[in-house]
Amino acid sequence: MAGGPAVSGGGIGSAAPPKSKLSGILMTAFAAFGGILYGYDTGTISGIIAMDDWLATFGDSDTGTVNAVNPLGHGLSTSRESLVVSILSAGTFFGALGGAPVADIIGRRIGIMVSCLVFALGIALQTGSSNWATFIIGRFFAGFGVGLVSTLVPMYQSECSPKWIRGAVVAGYQWAITIGLLLASVINNATKGRPNHSAWRIPISIQFVWAFILFVGMFWLPETPRWLIKNDRQDDAARSLSRLTSLPPDDPEVVAELDEIRAALREEQERGESSYLDCFKFNKSKIAFRTMSGIFIQAWQQLTGINFIFYFGTTFFQNAGIKNAFLISVATNIVNVFMTLPGMWGVERFGRRSLLFWGAVVMCICEYLVAIIGVTISVHNAPGQKALIALVCIYIAAFASTWGPIAWIIVGEIFPLNVRAKAMSLSVASNWLWNWAISYATPYLVNVGPGDAGLGVKVFFIWGSTCLGCVIFTYFCIPETKGLSLEQVDLLYENSTPRTSVRYRSELVARDVRVSDTHKDADSKDEKEQV
């Protein structure tokens with residue numbers, strides 16, 4: 001994420017004492033709680049659509065199991081299963097696109113708070129629904145809120161985090177997503193046997209708690225200094241950065257950081273007011289390449305097939321002949337949560353580029369093995385089924401420690417300030433567009449019935465091939481941005497390519513280059529030429 005000037009500089013709190021580092025990290029890390037909304041809401045539907053009472057209430061076919069809770073044996077047709085899972089992603093797609101104007105007009109912090117209100121509306125509609133249309137509308141509004149959050153939270157974290165730990169802080173957002181997925185799985189498992197509407201209404205209504213915590217918590221956090229400077233609120237920006245670093249507003253470190261942000265913004269504003277078209281400009285800053293990199297890394301993250309496990313895992317494990325599918329789902333979510341932690345550490349130790357590359361290699365191998373083993377054994381082969389579960393867990397571990405958090409880190413740090421909100425919204429919208437496409441198409445791909453492809457476990461041949469695409473994409477398109485300020489990332493793109501970025505990044509870090517000083521060097525050179 002050539003040559004360059006040799007000067008000094010850093011990111012938020014880069015030369016500050018430990019106290020200033022800790023305060024900024026804790027405040028910024030709290031925003032990652034937004035990931036709970038994302039993870040829980042996307043994870044809870046997998047178990048809910050397998051609950052007897054929910055099927056009795058919303059089912060439209062006779063393919064379910066006849067019992068006291070579901071006396072008519074209602075099941076879910078492929079079309080309804082596809083719609084109820086994918087409609088959330090449709091809402092998140094539009095929410096992600098709406099994140100750009102919300103972020104630019106009312107700010108990152110207030111935007112997150114508004115997102116919580118939209119999300120709560122969707123949860124209220126789902127909790128109180130007794131008919132299909134109301135439930136679907138609720139899913140859409142909840143998705144719209146999640147889409148806003150998924151754009152605004154990484155943006156907020158990237159603009160407030162100290163550069164030396166920015167990757168780990170933004171990775172905390174992905175960790176919160178995995179915790180949300182795990183909580184959804186545990187709560188679904190705890191309520192699935194209830195003989196009434198509480199079986200599914202409890203898991204859904206608990207989401208009010210997550211929205212309330214995030215909404216109230218954001219009252220106490222500062223707005224990002226970069227947004228405040230962009231809106232010419234210089235004193236507010238100084239106070240915001242002062243809170244993030246626990247330093248006085250007139251401290252040299254604070255003043256230097258504000259000058260750095262102003263210099264980068266001034267350079268971008270000299271090129272004119274930004275629009276969505278500016279995200280695709282071919283210029284020295286490689287804006288178009290950076291925008292397409294953000295769009296495609298989010299697309300590839302979805303195309304790894306990870307949400308196949310978390311959206312349809314319970315149903316898939318049941319159909320594969322695995323007993324206690326709900327518990328297996330809990331186990332895979334536990335792997336997802338705890339294997340994100342090595343990724344949060346490794347992203348600042350080994351860098352973004354190498355982890356993305358090798359993570360994709362491991363996922364590719366695991367998914368091909370799942371597909372090959374799955375088509376060669378029967379559903380009654382217990383050792384074979386255990387091998388499938390083990391490979392799925394290894395695959396999830398590889399995703400959780402690499403592509404899960406790092407895709408969000410990349411889109412949070414590769415865009416210049418002038419187009420950051422718009423480019424990030426396009427990238428996140430790409431994530432949700434592919435999320436919708438996969439969640440909509442998957443039932444048709446794996447189910448057995450009229451109009452269905454009936455691939456079953458063979459769908460992992462598709463996911464293995466897309467992971468191979470992730471390997472190629474990373475090698476040619478993703479630079480190494482570890483340890484750089486957001487302004488230094490601009491210099492990296494201007495003076496190197498993804499394949500040469502590791503060497504140039506090391507030069508930037510060793511010489512501690514600042515954008516503001518490149519302007520001074522350029523001005524000095526112009527003065528000498530005039531003399």
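Here, every reference points to the structure presented above.
Being a predicted model, the structure only gives us computed values, none of them experimental.

(A) How the structure looks around the packing of helix H2 (residues 34-48) against helix H7 (residues 166-191). It is the contact of H2 with H7, at a shortest axis distance of 6 Å, that shows an interaxial angle of 35 degrees. Both H2 and H7 take part in a crossing whose hand is right-handed. Only Tyr173, Ala176, Ile177, Ile179, Gly180, Leu181, Leu183, Ala184, Ile187 and Asn188 of H7 make contact with H2, whose side of the interface consists of Gly34, Gly35, Ile36, Tyr38, Gly39, Tyr40, Thr42, Gly43, Thr44, Gly47 and Ile48. Per-class residue counts for the contact of H2 with H7 are 12 nonpolar, nine polar and no charged.

(B) Structural detail: unusual backbone geometry. Residues other than glycine seldom take positive phi values, yet Asp232 does so here, at roughly 60 degrees. According to the relative accessible area criterion, Asp232 is exposed, its value standing at 59%. One non-glycine residue, Lys286, lies in positive phi territory at about 55 degrees.

(C) Representation of the pattern of salt bridges in the model. Per the stated rule, a full pass over the model turns up 15 salt bridges. Put simply, Lys281 and Asp278 hold a salt bridge, and the shortest N to O gap is 3.0 Å. With a relative accessible area of 34%, Lys281 lands in the partly exposed category. Among the ionic contacts, a cluster of salt bridges with common partners joins Asp104, Arg108, Glu159, Lys230, Arg420 and Lys422.

(D) Structural detail: the side chain of Gln298. By the secondary structure assignment, Gln298 is in helix H13 (residues 287-303). The class for Gln298 is buried, based on a relative accessible area of 0%. In this structure the side chain of Gln298 is engaged in a polar contact, spanning 3.2 Å, whose partner is the backbone oxygen of Ala407. When neighbours within four sequence positions are excluded, Gln298 is seen to be in contact with Ala407, Trp408, Val411, Ser427, Val428, Ser430 and Asn431.

(E) Expanded view of the nonpolar core. If you look at the biggest cluster of nonpolar residues, it comprises 121 residues, and the most contacted ones within it are Trp54, Val84, Ile297, Trp403 and Phe460. Ranked by residue count, the leading element in this core is helix H6 (residues 132-160), at 12 residues. Among all residues touching Trp403, those that are not within four sequence positions of it are Ile297, Trp300, Gln301, Leu356, Gly359, Ala360, Met363, Ala398, Cys470, Phe473 and Thr474.

(F) Spatial organisation of the environment of Phe212. For Phe212, the location among the structural elements is in helix H9 (residues 207-218). For Phe212, a relative accessible area of 56% gives the class exposed. Residues Phe212 and Met113, spaced 99 residues apart in sequence, show a C-alpha to C-alpha distance of 9.4 Å.

(G) Examining the packing of aromatic side chains more closely. If you walk through the whole model with that rule in mind, you get 26 aromatic pairs. Between the aromatic rings of Trp54 and Phe58, the centroid separation amounts to 5.2 Å while the plane-to-plane angle is 45 degrees, which identifies the pairing as tilted. Within this pair, Trp54 and its partner Phe58 are both found in helix H3 (residues 52-58), separated by four residues, close to a single helical turn. Residue Trp54 is classed as buried on the basis of its relative accessible area, which comes to 0%. Given a relative accessible area of 1%, Phe58 falls into the buried group. Both rings, one in Trp54 and one in Phe135, keep their centres 5.7 Å apart while their planes meet at 65 degrees; by these two values the pair is edge-to-face.

(H) Focus on a nonpolar patch on the surface. Where nonpolar side chains cluster on the molecular surface, the patch consists of Val209, Phe212, Ile213, Val216, Phe219 and Trp220 and spans about 620 Å² of accessible area. Looking at the element boundaries, Val216 is found in helix H9.

(I) Quick peek at H6. Relative to the 42 Å expected for 29 residues at 1.5 Å per residue, H6 spans 42 Å between its end C-alpha atoms, a close match to the ideal helical length. Along H6, 23 of the 29 residues are buried, which leaves the element largely enclosed by surrounding structure. Its side-chain oxygen placed 3.3 Å from the backbone nitrogen of Ala133, Asn131 serves as the N-cap of H6.

(J) Geometry of the packing of helix H4 (residues 78-106) against helix H5 (residues 108-128). Here H4 crosses H5 at 130 degrees, and the two axes come no closer than 7 Å. Classified by the angle their axes make, H4 and H5 are oblique. Considering the relative orientation of H4 and H5, their crossing is right-handed. Each of Val102, Ala103, Asp104 and Ile106 in H4 lies in contact with H5, whose residues at this interface are Arg108, Ile110, Gly111 and Val114. Across the contact of H4 with H5, the residue classes break down as five nonpolar, one polar and two charged.

(K) Main features of helix H11 (residues 234-245). With 12 residues, H11 ought to run about 16 Å at 1.5 Å a step, and its terminal C-alpha atoms sit 17 Å apart, in line with that. Within H11 the residues assigned to the buried category are Ala237, Ala238, Ser240, Leu241, Ser242, Leu244 and Thr245. Ser246 occupies a position one or two residues after H11 and carries a positive phi of about 60 degrees.

Definitions and cut-offs
Residues numbered from 1 in each chain as written. Predicted model: local features only at pLDDT ≥ 70, side-chain atom pairs only at ≥ 80, totals over all residues. Heavy atoms only, no water. Axes fitted to C-alpha atoms, helices over the stretch in contact; angles between N-to-C directions. Helix = DSSP H or I, 4+ residues; strand = E, 2+ residues; numbered from the N terminus. Left-handed = near helix turned anticlockwise from the far one by under 90°. Contact = heavy atoms within 4.5 Å. Nonpolar A, V, L, I, M, F, W, Y, C, P; charged D, E, K, R; others polar. Buried < 20%, exposed > 50% of the residue type's maximum accessible area, 1.4 Å probe, protein only. Salt bridge = Lys/Arg side-chain N within 4 Å of Asp/Glu carboxyl O. Polar contact = N/O pair within 3.5 Å; in protein donor to acceptor, adjacent residues only side chain to side chain. Core = buried A, V, L, I, M, F, W, Y, C linked by side-chain atoms within 4.5 Å. Phe/Tyr/Trp six-rings, centres within 6.5 Å; stacked < 30°, edge-to-face > 60°. Patch = residues over 30% accessible without salt bridge, like charges linked within 9 Å, V, L, I, M, F, W, Y side chains within 5 Å. Areas by Shrake-Rupley, 256 points an atom, 1.4 Å probe, with all protein chains shown as cover. Expected span 1.5 Å × (residues − 1). Parallel < 35°, antiparallel > 145°, perpendicular 65-115°, else oblique.

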